[in-house]
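Listed below, chain by chain, are the residues.
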Amino acid sequence: MWSVVSTGEVPAGERFDWYSDIVAREVMPAALSSERPTEFQGEAAVLDLGEIRASRFSLSPLRSRRTAAMIRRGDPEQYQLALLRKGSTSLSQHRSECTIGAGDLMLWDTSRPSDNQMPAAGGQVQATILLLPRNIMPLRTQRLDQILARRIPGNQGMAAILAAFMTSFEGHGAECTPQQLRHLGRIAVDLATACLAQHLSAEDQLPAEVRTQALVQRIHAFIEHNLSDPGLNPSAVAAHHNISVRTLHQLFHDQEESVQALIRQRRLERCRADLANPRLRAHRLSAIAARWGFSGPVVFSRTFREVYGISPTDFRALSVKDSRTQRSV
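Read on for a plain summary of the structure. Position numbers for residues start from 1 in each chain and track the written sequence from start to end. Totals for whole chains, interfaces and linings use all residues, but because this is a predicted model, local features are given only for residues with pLDDT of at least 70 and pairs of side-chain atoms are given and counted only at 80 or more. Here the side-chain values reflect all heavy atoms present in the structure, with hydrogen atoms and water set aside.

On to the overall build of the chain, then. Counting secondary structure elements, the chain contains 12 helices and 11 strands. Oriented by its inertia axes, the alpha-carbon framework of the chain measures out at about 70 × 55 × 35 Å. Here the chain, with 329 residues, has 46% of them falling under the buried criterion. Considering only residue pairs separated by 6 or more positions, the chain has 70% of its internal contacts joining residues 24 or more positions apart. Areas reported here follow the Shrake-Rupley algorithm with a probe of radius 1.4 Å; residue values treat only the protein chains shown as occluding. Summing over all exposed atoms, the chain offers an accessible surface of approximately 17,100 Å²; the carbon and sulfur share of this is 48%. Put simply, the chain has 39 plus and 33 minus side-chain charges, and the middle of one group is 5 Å from the middle of the other. Starting at the N terminus, helices and strands are each numbered in turn, a helix being any DSSP run of H or I of at least four residues and a strand any DSSP run of E of at least two. Relative accessibility thresholds used throughout: buried, under 20% of the residue-type maximum; exposed, over 50%; partly exposed, between the two (1.4 Å probe, protein chains only). Contacts between residues were defined by any pair of non-hydrogen atoms, one from each residue, lying within 4.5 Å. Only four residue types enter the charge count: Lys and Arg as positive, Asp and Glu as negative, with His and the chain ends excluded. The location of each charge is read from NZ of Lys, CZ of Arg, CG of Asp or CD of Glu.

Here it is in structure tokens:
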């Protein structure tokens, strides 16, 4: 579950100082400054993922400087990998400097001096950050130094998969058990490592298990983005990733579902959501089935009943009834 702190419960005139104290005590010593401290608003939350943590921030623009003296006073010895979801920010560290916008990622090292500025003109800033202990990263420090304070576009390659994975924490992290959160933490480390390695063109240096996990996540993302294609099947998935069907099945041997079962289940879940959507009541069952890659309404209806124990028509009718009941309460 997310552990949340917010300035909303603090008197307006004390909010910036209170937030600065929280950062210094709970995160790391840093000098924060704001052009409009009396108008400052901020919220921070942390999710424990076992060896690592994920944090999310929503705050008014500010400047955060971390000097050598502050590092000596307190250092979590982490790499922090941020996905900016709203606003813009600039970072300088280790002779590098970058400015990123929504959808971009960037990396910094808490053991090095840094200067992070969020322009006041950019409005509220929102970010999700992976807090990665230095000793669990398989890439060498000298290599990671090359990518500090550099913009990583979050719309391509492994960065896009990592960004989608980090975004998923927002809606579903609170629903997971501690064991599931630890598993997500291990996946996060592998995806972050693969993303950074790809940006460094150093993928061949990754441990085999990291490359395997990264490939599995790429396959999941490919399936998710191609559910509407009726030709999506294990052969198509394997061909797109330049592996054999046998290798594909071996990759999913330890997964909860086979590749074919995963494709079917995700299609059914998308159809189920459409059937429960009041805005799509005029859409015929055959159109919804085709939208998510089913070969025909008969196959869809049979498969839906096998999995959910109810026909699509009856499920839609119950969903309509439930929505009307909720509106009348």
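More follows now that the structure is in view.
Further remarks concern the packing of helix 5 (residues 178-200) against helix 6 (residues 208-225). For the pair helix 5 and helix 6, the least separation of the axes is 9 Å and the interaxial angle reads 95 degrees. Judged on the interaxial angle alone, helix 6 and helix 5 are roughly perpendicular. Along its contact with helix 5, which presents Ile187, Asp190, Leu191, Thr193 and Ala194, the element helix 6 presents Glu209, Val210, Gln213, Ala214 and Gln217. In the scheme used here, Gly and all other residues not listed as nonpolar or charged are polar, with Ala, Val, Leu, Ile, Met, Phe, Trp, Tyr, Cys and Pro taken as nonpolar and Asp, Glu, Lys and Arg as charged. By residue class, the composition of the contact of helix 5 with helix 6 is five nonpolar, three polar and two charged. Think of each axis as a best-fit line through the C-alpha atoms, taken over the contacting stretch in the case of a helix, with angles from 0 to 180 degrees between the N-to-C directions. In these notes the angle categories are as follows: under 35 degrees is roughly parallel, over 145 is roughly antiparallel, 65 to 115 is roughly perpendicular, and the rest is oblique.

As a general point, the strands of a sheet are linked pairwise by backbone hydrogen bonds and lie either parallel or antiparallel. Strands sit in the order 2-5-10-7-8 across an open sheet of five strands; the sheet is antiparallel. Two strands lie at the open edges of the sheet, namely strand 2 (31-33) and strand 8 (96-101), each paired on one side alone. Between one strand axis and the next, the sheet turns by 10 degrees as a mean value, whatever way the strands run. Alignment of strand 7 (residues 88-93) against strand 10 (residues 114-117), held across three bridges, turns out to be antiparallel. By the bridge assignment for strand 10, Ser92 is matched with Asp115. Should DSSP find at least two bridges between two strands, the strands are regarded as paired.

So, on to the packing of aromatic side chains. Geometry of aromatic contacts follows a simple scheme: Phe, Tyr and Trp rings, the Trp one being its six-membered ring, pair when their centres are within 6.5 Å, and the pair is stacked under 30 degrees between planes, edge-to-face over 60, tilted otherwise. Enumeration according to the criterion identifies six aromatic pairs in this entry. On the numbers, 5.7 Å between centres and 65 degrees between planes, the contact of Phe300 with Phe304 is edge-to-face. Here Phe300 and its partner Phe304 are both found in helix 11 (residues 297-308), four residues apart, which amounts to about one turn of the helix. You'll find Phe300 and Phe304 in the same group, each marked buried. Centre to centre, the rings of Phe304 and Tyr308 are 4.7 Å apart; their planes meet at 50 degrees, and the pair counts as tilted. With Phe304 and Tyr308 both in helix 11, this residue pair falls four residues apart, about one helical turn. Taking the relative accessible area as the measure of exposure, Phe304 reaches 0% and is therefore buried. A residue is classified by how much of its surface remains accessible, and Tyr308, at 26% relative accessible area, is partly exposed. The structure contains a cluster of three or more aromatic residues connected by ring pairs, namely Phe294, Phe300, Phe304, Tyr308 and Phe315. Ring-over charges, as used throughout, are those where CZ of Arg or NZ of Lys falls within 6 Å of the ring centre and within 35 degrees of the ring normal. Over the ring of Trp2 we find Arg56; its NZ or CZ atom is 4.5 Å from the centre of that ring. Above the plane of the ring of Tyr308 lies Arg272, whose end atom (NZ or CZ) is 5.0 Å from the centre.

The next subject is the pattern of salt bridges. Salt bridges are defined as contacts in which a side-chain nitrogen from Lys or Arg sits within 4 Å of a carboxyl oxygen from Asp or Glu. Within this structure, the stated rule accounts for 10 salt bridges. A salt bridge links Arg151 to Asp104; the nearest nitrogen and oxygen atoms lie 2.9 Å apart. In this pair, Arg151 is assigned in the loop between helix 3 (141-145) and helix 4 (157-172) and Asp104 in the loop between strand 8 and strand 9 (105-109), connecting sequence segments 47 residues apart. Using a relative accessible area of 8% as the deciding quantity, one classes Asp104 as buried.

So, about the pairing of strand 3 (residues 42-49). Pairing of strand 1 (residues 3-6) with strand 3, which is carried by four bridges, proceeds in the antiparallel orientation. The partner of Ser6 across the bridge, within strand 3, is Glu43. Hairpin connection from strand 3 to strand 4 (residues 52-59): two residues lie between these consecutive antiparallel strands, with Gly50 at a positive phi of about 85 degrees.

With that settled, consider the side chain of His241. Secondary-structure assignment places His241 in the loop between helix 7 (234-240) and helix 8 (245-251). Assessed through its relative accessible area of 15%, His241 is described here as buried.

The subject of this paragraph is the sheet that holds strand 1. Ordered in space as 1-3-4-11-6-9, the six strands form an open sheet in which the pairing is antiparallel. The sheet is open, and its two edges are formed by strand 1 and strand 9, each paired on a single side. Pairwise comparison of adjacent strand axes, ignoring direction, gives a mean angle of 20 degrees for this sheet. Of the pairings in the sheet, the one linking strand 3 to strand 4 comprises eight bridges and is antiparallel in character. Note that in strand 4 the partner of Ala45 across the bridge is Arg56. The sheet contacts of helix 5 involve strand 3, strand 4, strand 6 (78-86), strand 9 and strand 11 (125-133), and relative to strand 3 the element is tilted by about 105 degrees.

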